[in-house]
Amino acid sequence: MNMENEQSVWCEASSVDFFSDERQTPEDLYPSERMFLPDAEKRAKSILDVGCACGGFATITHSFNENLKYTGIDIVPEMLIRARKLQTAASFAVAAGQQLPFASQSFDLVHCSGSIHLNSRYRELIADMWRVTRHQLLFDLRLTEGPSMEGKFRGDFDRSGEGGLLPYIVINIDEMRDLIDKLLGAPDHVRLYGYYHPASSSAILPDDINLIMAFLLLSRTSTESGWDVTIEDDAPK
(Lines give C-alpha, C1' and ligand atoms only; values in the text may rest on other atoms or scores of the structure.)
Protein backbone atom coordinates (compact mmCIF):
# COMPACT_ATOMS: atom_id res chain seq x y z
CA MET A 1 0.00 0.00 0.00
CA ASN A 2 1.28 3.45 -0.87
CA MET A 3 1.42 5.66 2.19
CA GLU A 4 1.71 9.41 2.10
CA ASN A 5 5.05 10.63 3.37
CA GLU A 6 3.44 12.83 6.01
CA GLN A 7 1.79 9.80 7.64
CA SER A 8 4.86 7.53 7.62
CA VAL A 9 5.70 8.49 11.21
CA TRP A 10 3.00 6.06 12.39
CA CYS A 11 5.11 3.19 11.00
CA GLU A 12 7.95 3.74 13.46
CA ALA A 13 8.47 0.87 15.91
CA SER A 14 8.08 3.28 18.83
CA SER A 15 4.59 4.16 17.57
CA VAL A 16 3.47 0.52 17.50
CA ASP A 17 4.89 -0.09 20.97
CA PHE A 18 3.25 3.07 22.30
CA PHE A 19 -0.24 2.17 21.09
CA SER A 20 -0.07 -1.46 22.19
CA ASP A 21 -1.14 -0.50 25.71
CA GLU A 22 -2.44 3.05 25.18
CA ARG A 23 -6.15 3.88 25.68
CA GLN A 24 -7.55 0.50 26.74
CA THR A 25 -10.31 1.28 29.25
CA PRO A 26 -13.32 3.65 29.59
CA GLU A 27 -11.31 5.58 32.19
CA ASP A 28 -8.88 6.52 29.40
CA LEU A 29 -11.53 8.45 27.47
CA TYR A 30 -11.19 12.21 27.22
CA PRO A 31 -14.05 14.26 28.74
CA SER A 32 -15.31 15.20 25.27
CA GLU A 33 -15.33 11.53 24.20
CA ARG A 34 -17.31 10.56 27.30
CA MET A 35 -19.96 13.09 26.30
CA PHE A 36 -20.99 11.10 23.21
CA LEU A 37 -19.27 7.75 22.80
CA PRO A 38 -20.94 5.57 25.47
CA ASP A 39 -24.50 6.47 24.45
CA ALA A 40 -23.75 6.28 20.71
CA GLU A 41 -22.24 2.80 21.11
CA LYS A 42 -25.14 1.54 23.21
CA ARG A 43 -27.53 2.48 20.38
CA ALA A 44 -25.44 0.95 17.55
CA LYS A 45 -25.07 -2.58 16.24
CA SER A 46 -21.88 -1.96 14.25
CA ILE A 47 -18.99 0.48 14.49
CA LEU A 48 -16.04 1.39 12.29
CA ASP A 49 -13.02 2.79 14.18
CA VAL A 50 -10.87 4.81 11.77
CA GLY A 51 -7.23 4.99 12.83
CA CYS A 52 -7.67 2.17 15.33
CA ALA A 53 -3.91 1.65 15.97
CA CYS A 54 -3.55 -1.54 18.04
CA GLY A 55 -7.28 -1.82 18.70
CA GLY A 56 -7.56 -0.52 22.25
CA PHE A 57 -10.96 0.99 21.50
CA ALA A 58 -12.36 -2.49 20.85
CA THR A 59 -12.10 -3.13 24.60
CA ILE A 60 -13.68 0.24 25.38
CA THR A 61 -16.46 -0.37 22.84
CA HIS A 62 -17.39 -3.76 24.23
CA SER A 63 -17.46 -2.41 27.77
CA PHE A 64 -20.42 -0.24 26.70
CA ASN A 65 -22.05 -2.75 24.34
CA GLU A 66 -20.73 -6.30 24.37
CA ASN A 67 -22.77 -7.21 21.27
CA LEU A 68 -21.50 -4.34 19.12
CA LYS A 69 -19.70 -5.53 15.99
CA TYR A 70 -16.36 -3.71 15.97
CA THR A 71 -14.25 -3.15 12.86
CA GLY A 72 -10.99 -1.21 13.02
CA ILE A 73 -8.88 0.14 10.18
CA ASP A 74 -5.40 1.62 10.18
CA ILE A 75 -2.72 2.45 7.62
CA VAL A 76 0.03 0.58 9.49
CA PRO A 77 0.04 -3.22 8.98
CA GLU A 78 2.25 -3.73 12.05
CA MET A 79 -0.38 -2.06 14.22
CA LEU A 80 -3.01 -4.50 13.02
CA ILE A 81 -0.79 -7.54 13.53
CA ARG A 82 -0.62 -6.49 17.16
CA ALA A 83 -4.35 -5.65 17.25
CA ARG A 84 -5.41 -9.09 16.01
CA LYS A 85 -3.41 -10.73 18.80
CA LEU A 86 -4.85 -8.44 21.47
CA GLN A 87 -8.46 -8.23 20.24
CA THR A 88 -9.65 -11.62 19.01
CA ALA A 89 -13.35 -10.63 19.03
CA ALA A 90 -12.83 -7.73 16.59
CA SER A 91 -12.17 -7.37 12.86
CA PHE A 92 -9.35 -5.30 11.36
CA ALA A 93 -8.29 -4.15 7.91
CA VAL A 94 -5.44 -2.09 6.45
CA ALA A 95 -6.84 0.98 4.70
CA ALA A 96 -6.21 4.68 4.15
CA GLY A 97 -8.82 6.76 5.92
CA GLN A 98 -9.81 8.85 2.92
CA GLN A 99 -10.38 5.73 0.79
CA LEU A 100 -12.48 3.46 2.95
CA PRO A 101 -13.00 0.00 1.40
CA PHE A 102 -16.66 -0.24 2.38
CA ALA A 103 -19.98 0.35 0.68
CA SER A 104 -21.97 3.46 1.53
CA GLN A 105 -23.85 3.32 4.86
CA SER A 106 -22.14 0.09 5.95
CA PHE A 107 -21.94 0.94 9.69
CA ASP A 108 -24.34 2.33 12.26
CA LEU A 109 -21.56 4.41 13.81
CA VAL A 110 -18.21 5.60 12.45
CA HIS A 111 -15.71 6.86 15.01
CA CYS A 112 -12.33 8.55 14.63
CA SER A 113 -10.34 9.88 17.57
CA GLY A 114 -6.98 11.65 17.49
CA SER A 115 -6.31 11.40 13.75
CA ILE A 116 -8.16 14.02 11.72
CA HIS A 117 -6.24 17.04 12.98
CA LEU A 118 -2.98 15.26 12.09
CA ASN A 119 -3.85 14.70 8.42
CA SER A 120 -3.70 17.37 5.71
CA ARG A 121 -6.38 15.45 3.76
CA TYR A 122 -8.85 15.77 6.60
CA ARG A 123 -11.63 17.04 4.32
CA GLU A 124 -11.55 13.84 2.26
CA LEU A 125 -11.35 11.78 5.44
CA ILE A 126 -14.46 13.39 6.95
CA ALA A 127 -16.39 13.07 3.68
CA ASP A 128 -15.63 9.36 3.26
CA MET A 129 -16.41 8.56 6.90
CA TRP A 130 -19.78 10.26 6.41
CA ARG A 131 -20.34 8.17 3.28
CA VAL A 132 -19.98 4.85 5.10
CA THR A 133 -22.05 5.67 8.19
CA ARG A 134 -25.69 4.68 8.30
CA HIS A 135 -26.63 6.81 11.29
CA GLN A 136 -23.88 8.69 13.13
CA LEU A 137 -20.32 9.95 12.74
CA LEU A 138 -18.19 10.91 15.75
CA PHE A 139 -14.80 12.62 15.47
CA ASP A 140 -12.60 15.24 17.11
CA LEU A 141 -11.05 18.47 15.85
CA ARG A 142 -8.81 21.22 17.18
CA LEU A 143 -10.66 24.54 16.85
CA THR A 144 -9.93 28.20 17.47
CA GLU A 145 -11.87 31.46 17.49
CA GLY A 146 -8.90 33.06 15.70
CA PRO A 147 -7.48 32.35 12.23
CA SER A 148 -7.16 28.77 11.03
CA MET A 149 -3.58 27.55 10.97
CA GLU A 150 -1.41 24.53 10.25
CA GLY A 151 1.45 23.75 12.58
CA LYS A 152 3.48 20.59 13.10
CA PHE A 153 3.21 17.69 15.54
CA ARG A 154 6.25 15.79 16.79
CA GLY A 155 5.51 12.09 16.47
CA ASP A 156 8.03 11.20 19.18
CA PHE A 157 6.20 8.23 20.66
CA ASP A 158 9.32 7.07 22.44
CA ARG A 159 9.58 10.61 23.95
CA SER A 160 13.12 11.00 22.61
CA GLY A 161 12.20 14.13 20.68
CA GLU A 162 13.55 12.55 17.49
CA GLY A 163 10.28 11.43 15.90
CA GLY A 164 9.01 12.58 12.53
CA LEU A 165 6.61 15.47 11.98
CA LEU A 166 2.91 15.36 11.20
CA PRO A 167 0.69 18.32 10.26
CA TYR A 168 -1.27 19.83 13.15
CA ILE A 169 -4.50 21.33 11.78
CA VAL A 170 -6.35 24.03 13.72
CA ILE A 171 -9.62 25.29 12.20
CA ASN A 172 -11.56 28.47 12.92
CA ILE A 173 -14.84 27.40 14.51
CA ASP A 174 -17.04 29.35 12.08
CA GLU A 175 -15.08 28.02 9.09
CA MET A 176 -15.51 24.51 10.50
CA ARG A 177 -19.30 24.89 10.60
CA ASP A 178 -19.36 26.09 6.99
CA LEU A 179 -17.04 23.25 5.98
CA ILE A 180 -19.24 20.56 7.55
CA ASP A 181 -22.46 21.94 6.10
CA LYS A 182 -21.02 22.33 2.57
CA LEU A 183 -18.89 19.18 2.53
CA LEU A 184 -21.59 16.86 3.85
CA GLY A 185 -24.72 18.58 2.61
CA ALA A 186 -25.82 19.84 6.04
CA PRO A 187 -26.29 16.78 8.32
CA ASP A 188 -29.69 16.50 10.00
CA HIS A 189 -28.23 17.26 13.43
CA VAL A 190 -24.76 18.16 14.71
CA ARG A 191 -23.79 18.24 18.37
CA LEU A 192 -20.46 19.82 19.25
CA TYR A 193 -18.96 19.59 22.72
CA GLY A 194 -15.59 21.09 23.56
CA TYR A 195 -13.46 22.93 26.07
CA TYR A 196 -10.56 25.36 26.01
CA HIS A 197 -7.20 23.72 26.55
CA PRO A 198 -3.55 24.35 25.61
CA ALA A 199 -2.29 22.55 22.53
CA SER A 200 -0.39 19.31 22.99
CA SER A 201 3.18 19.74 24.18
CA SER A 202 4.16 17.91 20.98
CA ALA A 203 2.50 20.57 18.79
CA ILE A 204 4.52 23.32 17.11
CA LEU A 205 2.22 26.29 16.38
CA PRO A 206 2.88 29.89 15.32
CA ASP A 207 1.27 31.16 18.53
CA ASP A 208 0.90 29.88 22.08
CA ILE A 209 -2.90 29.70 22.11
CA ASN A 210 -5.68 27.99 23.96
CA LEU A 211 -7.50 25.68 21.55
CA ILE A 212 -11.00 24.29 21.67
CA MET A 213 -10.69 20.52 22.03
CA ALA A 214 -13.94 19.48 20.38
CA PHE A 215 -15.86 16.34 19.51
CA LEU A 216 -18.64 16.40 16.95
CA LEU A 217 -21.50 13.93 16.66
CA LEU A 218 -23.17 14.13 13.25
CA SER A 219 -26.50 12.37 12.65
CA ARG A 220 -28.18 11.30 9.44
CA THR A 221 -31.40 10.28 11.16
CA SER A 222 -32.47 12.51 14.03
CA THR A 223 -35.68 14.01 15.34
CA GLU A 224 -33.63 17.14 16.09
CA SER A 225 -32.12 19.47 13.52
CA GLY A 226 -29.41 22.09 13.17
CA TRP A 227 -26.39 22.63 15.42
CA ASP A 228 -26.09 22.32 19.21
CA VAL A 229 -22.79 23.80 20.41
CA THR A 230 -21.45 23.62 23.98
CA ILE A 231 -17.98 24.91 24.86
CA GLU A 232 -16.73 24.79 28.45
CA ASP A 233 -14.17 27.25 29.86
CA ASP A 234 -12.07 24.38 31.23
CA ALA A 235 -11.78 20.67 30.68
CA PRO A 236 -14.30 18.92 32.95
CA LYS A 237 -12.96 16.46 35.48
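Our subject is the structure listed above.
Because the structure is a prediction, the values reported are computed rather than measured.

About the cut-offs
- Residues numbered from 1 in each chain as written.
- Predicted model: local features only at pLDDT ≥ 70, side-chain atom pairs only at ≥ 80, totals over all residues.
- Heavy atoms only, no water.
- Salt bridge = Lys/Arg side-chain N within 4 Å of Asp/Glu carboxyl O.
- Helix = DSSP H or I, 4+ residues; strand = E, 2+ residues; numbered from the N terminus.
- Buried < 20%, exposed > 50% of the residue type's maximum accessible area, 1.4 Å probe, protein only.
- Phe/Tyr/Trp six-rings, centres within 6.5 Å; stacked < 30°, edge-to-face > 60°.
- Core = buried A, V, L, I, M, F, W, Y, C linked by side-chain atoms within 4.5 Å.
- Contact = heavy atoms within 4.5 Å.
- Patch = residues over 30% accessible without salt bridge, like charges linked within 9 Å, V, L, I, M, F, W, Y side chains within 5 Å.
- Areas by Shrake-Rupley, 256 points an atom, 1.4 Å probe, with all protein chains shown as cover.
- Lys, Arg positive; Asp, Glu negative; His and termini not counted.
- Charge placed at Lys NZ, Arg CZ, Asp CG, Glu CD.
- Pairing = 2+ DSSP bridges.
- Right-handed = clockwise from strand over helix to strand, strands pointing away.
- Expected span 1.5 Å × (residues − 1).
- Arc of directions from axis to C-beta.
- Polar contact = N/O pair within 3.5 Å; in protein donor to acceptor, adjacent residues only side chain to side chain.

Student: How should the pattern of salt bridges be read in this particular structure?
Tutor: Proximity of charged atoms lets side chains of opposite charge pair with each other. What the rule picks out here adds up to five salt bridges. A salt bridge links R131 to D128; the shortest N-O distance between them is 2.6 Å. One end of the pair is R131 and the other is D128, both in helix α5 (residues 122-132) and three residues apart, which spans about a single turn. Exposure remark for R131: the relative accessible area of 26% places this residue in the partly exposed category. Between D140 and R142 there is a salt bridge, with its nearest N and O atoms 3.2 Å apart. The two residues D140 and R142 agree in class, both being buried.

Student: Can you help me understand the packing of aromatic side chains in this one?
Tutor: Aromatic rings in a pair are described by how distant their centres are and how their planes are angled relative to each other. For the structure on display, the rule yields three aromatic pairs. Arranged with centres 5.9 Å apart and planes meeting at 65°, the rings of Y70 and F92 form a pair that is edge-to-face. A residue pair is termed long-range when its members are at least 10 positions apart, and Y70 in strand β2 (residues 69-74) and F92 in strand β3 (residues 91-94) qualify at 22 residues. The same class applies to Y70 and to F92, which are both buried. Where F153 meets Y168, the ring centres are 6.1 Å apart and the plane angle is 10°; that geometry is what we call stacked. One end of the pair, F153, is in strand β6 (residues 149-154); the other, Y168, is in strand β7 (residues 165-172), and 15 residues separate them in sequence. Of the two residues, F153 and Y168, both sit in the buried class.

Student: How should the nonpolar core be read in this particular structure?
Tutor: Note that soluble globular proteins tend to have their nonpolar side chains buried in a common cluster. Judged by nonpolar contacts, the single largest core of 43 residues is most densely connected at W10, F19, Y70, M79, F92, L138 and Y168. Those elements that provide at least two residues to this core are α1 (13-20), α2 (31-43), α3 (56-64), α4 (77-86), β6, β7, β8 (189-198) and β10 (210-219). A total of four residues in this core trace back to one element, the largest contributor, which is β10. Within the second largest apolar cluster, 33 residues are counted, among which are C112, Y122, V132 and I173.

Student: Explain α3 to me, please; I cannot follow it from the model alone.
Tutor: Restricting attention to buried positions, one finds in α3 the residues G56, F57, A58, I60 and T61. Where the residues of α3 are buried, they touch α2, β1 (46-50), β2 and β4 (107-112).

Student: Could you clarify how one ought to interpret a negative patch on the surface in this entry?
Tutor: Judged by side-chain charge, E145, D174, E175 and D178 come together as a negatively charged surface patch. Topologically, E175 is positioned in helix α6 (residues 173-184).

Student: I would appreciate a short explanation of the side chain of Q87 in the present structure.
Tutor: Topologically, Q87 is positioned in the loop between α4 and β3. Leave out the neighbours within four places in its chain, and Q87 touches Q24, C54, G55, G56, A58, T59 and F92.

Student: I would appreciate a short explanation of the pairing of β4 in the present structure.
Tutor: Along a regular strand, successive side chains alternate from one face of the sheet to the other. The buried fraction of β4 is high, at six of six residues. Where β1 lies against β4, four bridges are found, and the strand directions are parallel. Opposite I47, over in β4, you have L109 as the bridge partner. Running through α5, the crossover from β4 to the neighbouring parallel element strand β5 (residues 133-144) is right-handed.

Student: Even after reading the chapter, I still don't get α6, so can you show me in this structure?
Tutor: An α-helical segment advances 3.6 residues per turn. Residues three or four places apart therefore align on the same side. The first and last C-alpha atoms of α6 sit 16 Å apart over 12 residues, in line with the 16 Å expected at 1.5 Å per residue. Within the sequence span of α6, burial applies to I173, M176, L179, I180 and L184. What you see down the axis of α6 is that its buried residues fit within an arc of 110°, all on one side. Along α6, exposed side chains directed more than 90 degrees from the buried face belong to D174 and K182. Of the surrounding elements, those touching the buried residues of α6 are α5, β5, β7, β8, β10 and β11 (226-232). Two to three positions downstream of the cap, the backbone nitrogen of D174 sits 2.9 Å from a side-chain oxygen, assigning the N-cap of α6 to N172. G185 occupies a position one or two residues after α6 and carries a positive phi of about 70°.

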